[in-house]
Amino acid sequence: MGKIITIGCFLFFGFFGFTQEIEEGVLWNPDLRLTWSDFKGKVPPASVPAATTASGISYKYSANLIHHEVELDFEVNAYFYPNESWYKPEVCDDLILSHEQLHFDISELFARKMRDKLERTSFSDNVKAEIRKIYREILEELQKFQEQYDWETNFSRNAQKQLEWNKKIAEALGKD
């Protein structure tokens, strides 16, 4: 039995969060720092947030059943979606950009969490459903974490909390 499945998801972060399948975006990279020119989406009418970052996790895998044991090969990545991300130039500054960057970095943290969980799990012949369950759980945790981040930093308005979160996420990603 050999299957290759690809699933994608992104989360909008501003005042709301939801998931939807979309096309591939910009792969997270430790050396990549977003700039406002990366935000190519159109600002919705009557939008409240100053900016919205669309980022999320995508995975693909292949599973083979060999002697009643599932062998799993997988790839899990975090992406930024430029065409779904936007900002209001008249109100955005470097602090807000660092806030938006952190949403993308947080997506990478949860991609790593999913990779770790997939590596540690023994799968049955119902591997597809088991991976979907792990994915849904990770997305739920990711969304709650992103919402906590926005709440604690007041969407970057609390500069001290923003700096604390910058440090916290940098350390979690193994950066200086």
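Refer to the structure presented above.
Residues numbered from 1 in each chain as written. Predicted model: local features only at pLDDT ≥ 70, side-chain atom pairs only at ≥ 80, totals over all residues. Heavy atoms only, no water.

Caption draft 1: Examining the packing of helix H1 (residues 94–120) against helix H3 (residues 159–172) more closely. At a minimum axis separation of 10 Å, H1 and H3 run at an interaxial angle of 30°. Judged by the sense of rotation from one axis to the other, the crossing of H1 with H3 is left-handed. On H3, the residues that touch Leu95, Ser98, His99, Leu102, Asp105, Ile106, Leu109 and Arg112 of H1 are Ala159, Gln162, Trp165, Asn166, Ile169 and Ala172. Across the contact of H1 with H3, the residue classes tally to eight nonpolar, four polar and two charged. (Axes fitted to C-alpha atoms, helices over the stretch in contact; angles between N-to-C directions. Helix = DSSP H or I, 4+ residues; strand = E, 2+ residues; numbered from the N terminus. Left-handed = near helix turned anticlockwise from the far one by under 90°. Contact = heavy atoms within 4.5 Å. Nonpolar A, V, L, I, M, F, W, Y, C, P; charged D, E, K, R; others polar.)

Caption draft 2: Structural view of the pairing of strand S5 (residues 51–66). Burial analysis of S5 places 12 of its 16 residues in the buried class, which makes it a mostly covered element. Looking at chain direction, S5 and strand S7 (residues 86–87) are connected through two bridges and run antiparallel. Among the inter-strand pairings, Ala51 is bridged to a residue of S7, identified as Tyr87. The sheet contact formed by S5 and strand S6 (residues 69–80) spans 12 bridges and is antiparallel. The partner of Ser62 across the bridge, within S6, is Asp73. (Buried < 20%, exposed > 50% of the residue type's maximum accessible area, 1.4 Å probe, protein only. Pairing = 2+ DSSP bridges.)

Caption draft 3: The packing of aromatic side chains, seen in detail. All told, the structure shown has 11 aromatic pairs when counted by the stated rule. Between Phe80 and Phe104, the ring centres sit 5.7 Å apart and the planes meet at 45°, which makes this aromatic pair tilted. In this pair, Phe80 is assigned in strand S6 and Phe104 in helix H1, connecting sequence segments 24 residues apart. Ring geometry for Phe145 and Trp165: centres 5.3 Å apart, planes at 70°, overall edge-to-face. With Phe145 in helix H2 (residues 127–153) and Trp165 in helix H3, this residue pair connects regions lying 20 residues apart in the sequence. Trp165 shares its class with Phe145; the two are buried. (Phe/Tyr/Trp six-rings, centres within 6.5 Å; stacked < 30°, edge-to-face > 60°.)

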